[in-house]
Amino acid sequence: MIGKGRIAALGFQHVLAMYAGAVIVPLLIGGALGFTSEQMTYLVSIDIFMCGIATLLQLTMNRFFGIGLPVVLGCAVQAIAPIILIGEQYGIGAIYGSIIVSGLFVLLVAPFFSMVVRFFPPVVTGSVVTIIGLTLIPVAINNLAGGQGAADFGSLYNLGLGFGTLFVIILVYRFGRGFSKAIAVLIGLIVGSVFAAIYRGISVQPVVEAPLFHLPTPFYFGMPTFNWAAIVTMILIALVSMVESTGVYFALSDITNRKLEKSDLTKGYRAEGLAIILGGVFNTFPYTAYSQNVGLIQLSGIKTRKVIYVTAGILIVLGLLPKVGAVTTIIPTPVLGGAMVAMFGMVVAQGIKMLGKVNFTSQENLLIIACSVGVGLGVTVVPDLFKVLPDFVQLFTSNGIVAGSVTAIVLNIIFNIIPHRKEKEVTEEMSAEL
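Keep in mind that this is a model prediction, so the values were computed, not measured. (Residues numbered from 1 in each chain as written. Predicted model: local features only at pLDDT ≥ 70, side-chain atom pairs only at ≥ 80, totals over all residues. Heavy atoms only, no water.)

S.K.: How should empty space enclosed by the protein be read in this particular structure?
M.R.: Rolled over the atoms, a probe with the dimensions of a water molecule shows which regions are left empty. Inspection of every chain in the model, using the stated rule, returns one cavity of 30 Å³ or more. Counted as a void, the largest cavity has a volume near 30 Å³. Looking at the lining of the largest cavity, the elements that each hand over two or more residues are helix H5 (122-144) and helix H10 (228-255). The dominant element in the lining of the largest cavity, judged by the number of residues it contributes, is H10, at three residues. In terms of residue class, the lining of the largest cavity is built from six nonpolar, two polar and no charged. (1 Å grid on protein atoms, 1.4 Å probe; cavity = no way out; pocket = protein on both sides within 12 Å on 5 of 7 lines; lining within 4 Å. Points joined across faces, edges and corners; volume = space filled by probe spheres on them. Helix = DSSP H or I, 4+ residues; strand = E, 2+ residues; numbered from the N terminus. Nonpolar A, V, L, I, M, F, W, Y, C, P; charged D, E, K, R; others polar.)

S.K.: Can you help me understand the packing of aromatic side chains in this one?
M.R.: Here a ring pair, both rings aromatic, is described through the centre-centre distance and the interplanar angle of the planes. Using the criterion set out here, one finds 11 aromatic pairs in the structure. Plain terms: the ring middles of Phe-64 and Phe-65 are 6.2 Å apart, the flat faces sit at 90 degrees to each other, and that makes the pair edge-to-face. By relative accessible area, Phe-65 is classed as buried at 17%. These aromatic residues form a ring-pair network of at least three members: Phe-35, Tyr-42, Tyr-96, Tyr-220, Phe-221 and Phe-285. The lysine or arginine in question, Arg-174, covers the ring of Phe-175, its NZ or CZ lying 4.8 Å from the ring centre. One Lys or Arg, Arg-200, reaches over the ring of Tyr-157 and ends 3.6 Å from the middle of that ring. (Phe/Tyr/Trp six-rings, centres within 6.5 Å; stacked < 30°, edge-to-face > 60°. Buried < 20%, exposed > 50% of the residue type's maximum accessible area, 1.4 Å probe, protein only. Lys NZ or Arg CZ within 6 Å of the ring centre and 35° of its normal.)

S.K.: Would you explain the environment of Cys-75 in this entry?
M.R.: With respect to the helices, strands and loops of the structure, Cys-75 is situated in strand S1 (residues 73-75). Under the relative-accessibility criterion, Cys-75 is labelled buried at 0%. Along the primary structure Cys-75 and Thr-60 are separated by 15 residues, whereas in three dimensions their C-alpha atoms are 19 Å apart. When sequence neighbours within four positions are dropped, the list of residues in contact with Cys-75 reads Ala-22, Val-25, Asp-47, Cys-51, Phe-285, Pro-286, Tyr-287, Thr-288 and Tyr-290. (Contact = heavy atoms within 4.5 Å.)

S.K.: In this structure, what is going on with the side chain of Ser-253? I would like to understand it.
M.R.: Within the element layout of this structure, Ser-253 appears in helix H10. A polar contact of 2.7 Å, which involves the side chain of Ser-253, links it to the backbone oxygen of Phe-250. Discounting chain neighbours no more than four positions away, the residues touching Ser-253 are Leu-69, Arg-258 and Leu-260. (Polar contact = N/O pair within 3.5 Å; in protein donor to acceptor, adjacent residues only side chain to side chain.)

S.K.: Just to check I follow, could you spell out the packing of H5 against helix H16 (residues 363-381) for this structure?
M.R.: The axes of two packed helices give the description: the angle between them and the distance between them. Between H5 and H16, whose axes approach to 9 Å, the crossing angle comes to 25 degrees. Our classification of the angle between H5 and H16 gives roughly parallel. As H5 runs across H16, the sense of the crossing is right-handed. Note on element contacts: H16 touches H5 through Asn-365, Ile-368, Ile-369, Ser-372, Val-373, Gly-376, Leu-377 and Thr-380, opposite Val-123, Ser-127, Ile-131, Leu-134 and Thr-135. (Axes fitted to C-alpha atoms, helices over the stretch in contact; angles between N-to-C directions. Parallel < 35°, antiparallel > 145°, perpendicular 65-115°, else oblique. Left-handed = near helix turned anticlockwise from the far one by under 90°.)

S.K.: It is not clear to me how H16 should be interpreted in this structure. Could you clarify?
M.R.: Between its terminal C-alpha atoms H16 stretches 27 Å, which fits the 27 Å expected from 19 residues at 1.5 Å a residue. All of the buried residues in H16 are Asn-365, Ile-368, Ile-369, Ser-372, Val-373, Gly-376 and Val-379. All buried residues of H16 project into a common sector of 140 degrees when viewed along the axis, lining one side. Opposite the buried face of H16, at more than 90 degrees from it, the exposed residues are Gln-363 and Val-381. (Expected span 1.5 Å × (residues − 1). Arc of directions from axis to C-beta.)

See below:
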C-alpha cells in the first residue's frame, strides 16, 4: 500500500517529466504569432490546466470514453508547425475552428480506428515503442547540453549539470530502497537544481512576473472560424496523434499486464477527441498521450492510476495558479535533459522488452523491425528527407515516429497478414472440395 505522501510525490514527479514538453508548445506558437506577454501568460496557464483535464478524461473509465491506463496527456508537439502556418495564413480563429472540427472527427472515427488492433502485434507495437524512445533521445541530449541554440551549448557546466543529474538518478536507483527508489528522477531534478542555484544561481523572474490566479476563459482569443484547408491539416495531425497514442497505449498495457480490447482503444480515442474539442473551446491545442511518462512509470515501477490522478490534479492547480506553476519553469535545461536521458532510455528498453515476444526465427519479422526502426530514426536525423513532397504528405513523412510506425504496419500487413489470409482462403477451398 502506497501512502498519500508518496503518491503525491510520485504525481509531482510525473508533472516535472512532462511539464517542459507541454509548455514548449504554447511558448513556440505564441512567440511565432506575436502574442503579448499577457496572452502568453494565459496560453501557458490554460495549456497546463487543460493537460490536467485531458488526463482526467483518459483516466476516467465509463461506457463512452476513458481507456483507464496510467496515461498522461499533453500538447501534441507535431501540431506546432501546422498551427503556426494556419495562424499566419488564416488567423487565430481558424486555428481553433480547425482544432474543434478535428476533435469531432476523432470522436466519429474512434470506433473504426479501434478495429485496427489486429494490425498491432508485438512486432509492430515493439517497433513503434522502440522508435518513440529512440526519436526522443536527441531531444534529451540537446537539453542536457543546454538546449538547442543556447550560447553555452555543450559547455562543461551544462554537461556536468546534465550528467551529474543522470548520475544522481542512477545512484538513487541503485542504492535506494522502496520509495526513494521510486522517486529517483524527482530526487535527481531537485539535487541538480539545488547545485545549479548554489553554483551559478537561478533566475526567479518568471515567478515574480506571473499573476497569482487565472481562470479559464472560453474563446479567449475570439470566436472560431472554419477554413477547409486548416481543417484538413488539423485532421491529418489528429490522425498522426492517434497513431502515436496507440503505441503509448500498448506500451502501458504491457507494463500493467492488461490486455487491451477494441472497446478500450475506442474509449481512449474518444477521450482524446473530447480533450481536443475542449482545447479548441478554451483556446489551447490538440492533446495526445505523452510517451515520456511511460518511461517514468517503467523506471519507478509504480503503475497505479492513483498517482496519475494526483498528476492531473496538480496540473489543474498549476493552471489556475500561474505563479506556482512558474516555479517548475526555473529548473535548468541541462537538469531536465539529464532526467530525460533516463526516462526516454527506459522507453527504448520497454520497446525491446515487447520485441522479446516476437518470433525472431522469422526473417520477415526481422525485416519489419529493421526497416521500421531504420526509417523512424532516419527521418528523425534527416527531417528534410521528404521536403520535395506536398506539404500534407510531409505532415506524416517529416515525423520519425509516424514514418517508422507506418512502415511497421505496412510491412506487417505484407509479410504476416496477407499470406495468412491467402492460406485461409486456400484451406477453405480445399475443405469445400472435400
